[in-house]
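Results of the structural survey
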Amino acid sequence: MALKYLDQLDLKDKRVVARFDFNVPLKEGRKKMVISDSTRIDLALDTIRFILDQGASKLVLMSHLGRPKGKRVDSMSLEPVADYLAKELGKDVILTESCTDRGIKTVLGLSTTKIVLLENLRFHNEEVNNDPDFAKTLASYGDVYINDAFGAAHRKHASVHAINLFFKNKAAAGFLMQKELKALDKVLHKPSKPFVAVIGGAKVSDKIKIIEALLPKIDQLIIGGAMAYPFLAAKGIEIGDSLCPAEDVNLAKNILKAAGADKISLPKDHIVATSLDDPSPKQHSQISIEPGHMALDIGENTLADYGSKITRAKTVLWNGPMGMFEKEAFSKGTFGMARALAELSSRDPEAFTLVGGGDSVSAIKKAGLADKVSHVSTGGGASLEYIEKGSLPGVQALRFGLESTN
Ligand code: AMP
């Protein structure tokens, strides 16, 4: 069954209850918490404006923020989100006390009320427990349900999963969800070849599933970051004091065996340091690293090699940094890869470049190149799980609906 999209539902005079991912970073302001990056809310605005323009009678917005673990935590209130939305939309946005207080129905009954934001869903344990009664209460606020929270679609939580029990044929995906799924489907099901995956970050064990899922589909696997060192160790190369958990070496051995040697690219030179605070890290032009030194970024020859493989690709998926990019001294490899993806996309309009996963997303943003690649996924965990499994619990429930087991 095809997934229904927002523009396929009749919203006129309907009460719409809609799930978004407003899980934005907050910092302490002078009097209250303030939003330090509004990207996730900004990306929801198209869906929100569309619902209002279609003549919905009420719009009830839902989201989680942080991990308050089932109780009210004032610093995780959605109040800054309500203020931001009101400013962007130029309309009143009423924030509720909780997701279940009786006053919500009264407020929704007022002709003057149009937009209501429910307080943080995760102030209630029932949200993460996928509680059907809690879902029923949320569902009672709307005639139709929209899910635009791609970043939460890998969770089996009440507002993205159990709630679908109550909206058979009256549920649809929002525009952001649609865009995310389209981008991932393109990479997973119809990648133009050559298809290159760039996987970096800290640990092989964290990325093993995505690597296994990708290997049959890709032409090249480029490996960077700390997770390159178990691969070099597995090939018998000296890696000095570079990060290298023993269990990762075994995983790396298996991947090398399964993939065939020429499908996997590994660093051939490095930026090394004697410690994380070494004031003078060095370009190290050999592949092997002596004891007392650790590799914290890919070297210049490796970057050139990886860059040229990206230049020839038609599809690139990037997840995970090439080094400890948070420190400037070890950021060249990661920012260099960000540039390589951006240059490919601007030179070849047919090439598709997708960045997914928390750290590579923050790297591409930091490099100022987020709008130069084809797609930057807003959901780190969700995009990885979608690549691994080809579906997400929240998307499955939205697509097929849920039957009550009672
Ligand atoms: P992940 O969350 O698995 O994508 O890992 C990202 C983290 O890996 C970042 O915080 C990086 O600083 C870290 N990292 C990347 N390369 C290295 C390296 N060569 N040595 C130590 N840490 C690294």
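Since this is a predicted model, take the numbers as computed values, not measurements.

Each value, and the rule that gives it
- Residues numbered from 1 in each chain as written.
- Predicted model: local features only at pLDDT ≥ 70, side-chain atom pairs only at ≥ 80, totals over all residues.
- Heavy atoms only, no water.
- Pairing = 2+ DSSP bridges.
- Helix = DSSP H or I, 4+ residues; strand = E, 2+ residues; numbered from the N terminus.
- Axes fitted to C-alpha atoms, helices over the stretch in contact; angles between N-to-C directions.
- Parallel < 35°, antiparallel > 145°, perpendicular 65-115°, else oblique.
- Left-handed = near helix turned anticlockwise from the far one by under 90°.
- Contact = heavy atoms within 4.5 Å.
- Nonpolar A, V, L, I, M, F, W, Y, C, P; charged D, E, K, R; others polar.
- Buried < 20%, exposed > 50% of the residue type's maximum accessible area, 1.4 Å probe, protein only.
- Polar contact = N/O pair within 3.5 Å; in protein donor to acceptor, adjacent residues only side chain to side chain.
- Salt bridge = Lys/Arg side-chain N within 4 Å of Asp/Glu carboxyl O.
- Near = heavy atom within 4 Å.
- Areas by Shrake-Rupley, 256 points an atom, 1.4 Å probe, with all protein chains shown as cover.
- Domains from an automatic or database assignment.
- Buried area = accessible area lost by both parts, 1.4 Å probe.

It is worth spelling out the sheet that holds strand β9 (residues 195-199) at this point. Judged by pairing direction, the sheet is parallel, and its 6 strands sit side by side in the order β11-β10-β9-β15-β16-β17 without closing on themselves. At either margin of the open sheet sits one strand with a lone partner, and together these are β11 (264-265) and β17 (375-376). Sheet topology places β9 next to strand β15 (residues 315-319); 5 bridges connect them, and they run parallel. Each residue of the ladder has a partner; that of Ala197, found in β15, is Leu317.

Before going further, it helps to spend a moment on the packing of helix α8 (residues 204-214) against helix α10 (residues 246-259). Following both chains from N to C, one finds α8 and α10 inclined at 25°, their axes separated by 10 Å at the closest point. Here α8 lies roughly parallel to α10, going by the angle between them. Two packed elements cross with a definite hand, and for α8 against α10 that hand is left-handed. Across the interface between the two elements, Val204, Ser205, Ile208 and Ile211 of α8 pack against Asp248, Leu251 and Ile255 of α10. Grouping the constituent residues of the contact of α8 with α10 by class yields 5 nonpolar, 1 polar and 1 charged.

The subject of this paragraph is the side chain of Glu127. Note on placement: Glu127 falls in helix α5 (residues 125-128). Judged by relative accessible area, which is 0%, Glu127 ranks as buried. A distance of 2.7 Å separates the side chain of Glu127 from the side chain of Ser159, its partner in a polar contact. Setting aside chain neighbours within four positions, we find Glu127 in contact with Arg19, Leu121, Arg122, Phe134, His157, Ala158 and Ser159.

Moving on to unusual backbone geometry. With an omega dihedral of -5°, the bond running from Lys193 to Pro194 counts as a cis peptide bond. For Pro194, the position within the fold is in the loop between α7 (175-189) and β9. Although it is not a glycine, Asp13 adopts a positive phi angle of roughly 60°. Looking at the element boundaries, Asp13 is found in the segment before β1 (15-19). By relative accessible area, Asp13 is classed as exposed at 55%. For Asn169, which is not glycine, the phi torsion reads 60° and is therefore positive. Within the secondary structure, Asn169 is located in the loop between β7 (144-147) and β8 (171-173).

Right, let's get into the pattern of salt bridges. Enumeration according to the criterion identifies 15 salt bridges in this entry. With a shortest N-O distance of 3.2 Å, Lys309 and Asp305 are connected by a salt bridge. In this pair, Lys309 and Asp305 both sit in helix α11 (residues 300-311), 4 residues apart, roughly one turn of the helix. Taking the shortest distance from any N to any O, the salt bridge between Lys372 and Asp371 comes out at 3.7 Å. Lys372 gets classed as partly exposed once you look at its relative accessible area, which sits at 43%. Under the relative-accessibility criterion, Asp371 is labelled exposed at 61%. One continuous salt-bridge network, built from bridges that share partners, spans Lys32, Glu79 and Asp83.

If you check the shell around the ligand, you find Gly201, Ala202, Lys207, Gly225, Ala226, Ala295, Leu296, Pro321, Gly323, Met324, Glu326 and Asp359 and nothing else. For the ligand, an oxygen atom lies 3.1 Å from a polar atom in the backbone of Ala202. In this structure, an oxygen atom belonging to the ligand sits 3.2 Å away from a side-chain N or O atom of Lys207. Coverage of the ligand by the protein chains reaches 81% of its 510 Å² of free accessible surface. Of the residues contributing to the shell around the ligand, the split by class is 6 nonpolar, 3 polar and 3 charged.

At a closest axis distance of 10 Å, the pairing of α7 and helix α14 (residues 380-389) adopts a crossing angle of 35°. Note that α7 runs across α14; the crossing there is right-handed. Across the interface between the two elements, Leu181, Leu184, Asp185 and Leu188 of α7 pack against Ser383, Tyr386 and Ile387 of α14. Taken together, the residues of the contact of α7 with α14 break down into 5 nonpolar, 1 polar and 1 charged.

With that settled, consider the domain arrangement of the protein chain. When cut into domains, the protein chain gives domain 1 (6-175) and domain 2 (183-389). With centres defined by C-alpha atoms, the gap from domain 1 to domain 2 works out at 36 Å. The interface is formed by 7 residues belonging to domain 1 together with 9 residues belonging to domain 2. Each partner contributes to the roughly 630 Å² buried at the junction of domain 1 and domain 2, and carbon and sulfur atoms together form 64% of this total. On the domain 1 side of the interface with domain 2, the three residues burying the most area are Arg40, Phe150 and His154, jointly 72% of the side's total. Across the domain 1-domain 2 interface, the total number found is 1 salt bridge. Here Lys365 ties to Asp37 by a salt bridge, and the two come within 3.3 Å at their closest N and O atoms. At the boundary of domain 1 and domain 2, one finds 2 residue pairs in polar contact (both at pLDDT 80 or more). Split into classes, the residues belonging to the side of domain 1 that touches domain 2 amount to 2 nonpolar, 3 polar and 2 charged.

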